[in-house]
Amino acid sequence: MAATFDGGVVLGADSRTSTGSYVANRATDKVTRLTERVYVCRSGSAADTQNIAAAVAWHLEQMAVERGGKEAGVLAAARMLSRITYQNKDALQAGLIVAGYDEADANAGPGSSSSTTSAGGNEGNNGGGGGVVYAVPLGGTMVRVPFAIGGSGSAYITGLCDKLWRPGMSADECVAFVRRAVAHAIARDGSSGGCIRTVCITKDGARREFVPGDEVPGTFGDLSDVPVGGTGRGAAAAGVAVT
């Protein structure tokens, strides 16, 4: 998932790659760097999304060379990802969320002029830099949104994200929001699990953070590792004692 805040954007994901009921990798990095200030969250086929991200990262690097070292923005990356997935939609299974910091075209809250901007251009931008998020779901559609969720766990946290996200959050508040949402998906979805990785991107660059599996926030009803007569990770988060 990815969410904008006042001055940037936060991307976050779990780390489980599964093959049916078998966990093939419990420490996958699903948040992939495209440029210094543009990243992509990957869901769907691991092979498809890894190769798409690698191809787009290479093209963006070549574009920066042609532009004298000036890196491309979020819109250029989103267009490349969308074009590849749309033109190969019968062969690829790729759900992508591309997000980053853009000096010229920032997302604003719902109902603002920039939130209704056409994905094809920068009309209606608010004139300042900030976080930008584009969702590129299965099939290659490109939609600009203030926040986006994807993957198998997203169905379990749609209402939670609608309730908790708000415009104008601080960086710390946005990181906490993303962690809580991903933790809830991990607790509810059998295909999500492992650790939580987040990337906070501002004008100063990207900052990665990592939450190991035993420190993932608990969710109500998650009673794993709860001692009899005590409070455990899930019970403490829910504010209840287990006897």
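For the structure itself, consult the block above.
Quantities reported herein were computed from a predicted structural model and do not represent experimental measurements.

What counts as what
- Residues numbered from 1 in each chain as written.
- Predicted model: local features only at pLDDT ≥ 70, side-chain atom pairs only at ≥ 80, totals over all residues.
- Heavy atoms only, no water.
- Helix = DSSP H or I, 4+ residues; strand = E, 2+ residues; numbered from the N terminus.
- Buried < 20%, exposed > 50% of the residue type's maximum accessible area, 1.4 Å probe, protein only.
- Contact = heavy atoms within 4.5 Å.
- Expected span 1.5 Å × (residues − 1).
- Arc of directions from axis to C-beta.
- Pairing = 2+ DSSP bridges.

**Points about the environment of Ile-157**
- Within the secondary structure layout, Ile-157 lies in the loop between strand S10 (147–148) and helix H3 (158–164).
- Overall, the relative accessible area of 4% leaves Ile-157 in the buried class.
- Distance from Ile-157 to Arg-180, taken between C-alpha atoms, is 9.8 Å for residues 23 residues apart in sequence.
- Residue contacts for Ile-157: discarding those within four places in its chain leaves Ile-149, Ala-181, His-184 and Ala-185.

**Considering helix H1 (residues 46–66)**
- Compared with an ideal rise of 1.5 Å per residue, which puts 21 residues at 30 Å, H1 spans 30 Å between its outermost C-alpha atoms and is within 8% of the ideal.
- By the burial criterion, the buried members of H1 are Asp-48, Thr-49, Ile-52, Ala-53, Val-56, Ala-57, Leu-60 and Ala-64. One side of H1 holds all its buried residues, which, seen down the axis, span an arc of 155 degrees. Residues of H1 that are exposed and angled more than 90 degrees away from the buried face: Asn-51, Glu-61, Val-65 and Glu-66.
- At its buried positions, H1 is contacted by strand S5 (31–35), strand S6 (38–44), helix H2 (74–87) and strand S7 (94–102).
- Just beyond H1, the residue with positive phi is Gly-68, at close to 70 degrees.

**Describing the pairing of strand S12 (residues 205–211)**
- One ladder, built from seven bridges, connects strand S11 (residues 196–202) with S12; its direction is antiparallel. Of the residues in S12, the one forming a bridge with Thr-202 is Gly-205.
- In sequence, S11 turns back onto S12 through a hairpin of two residues.

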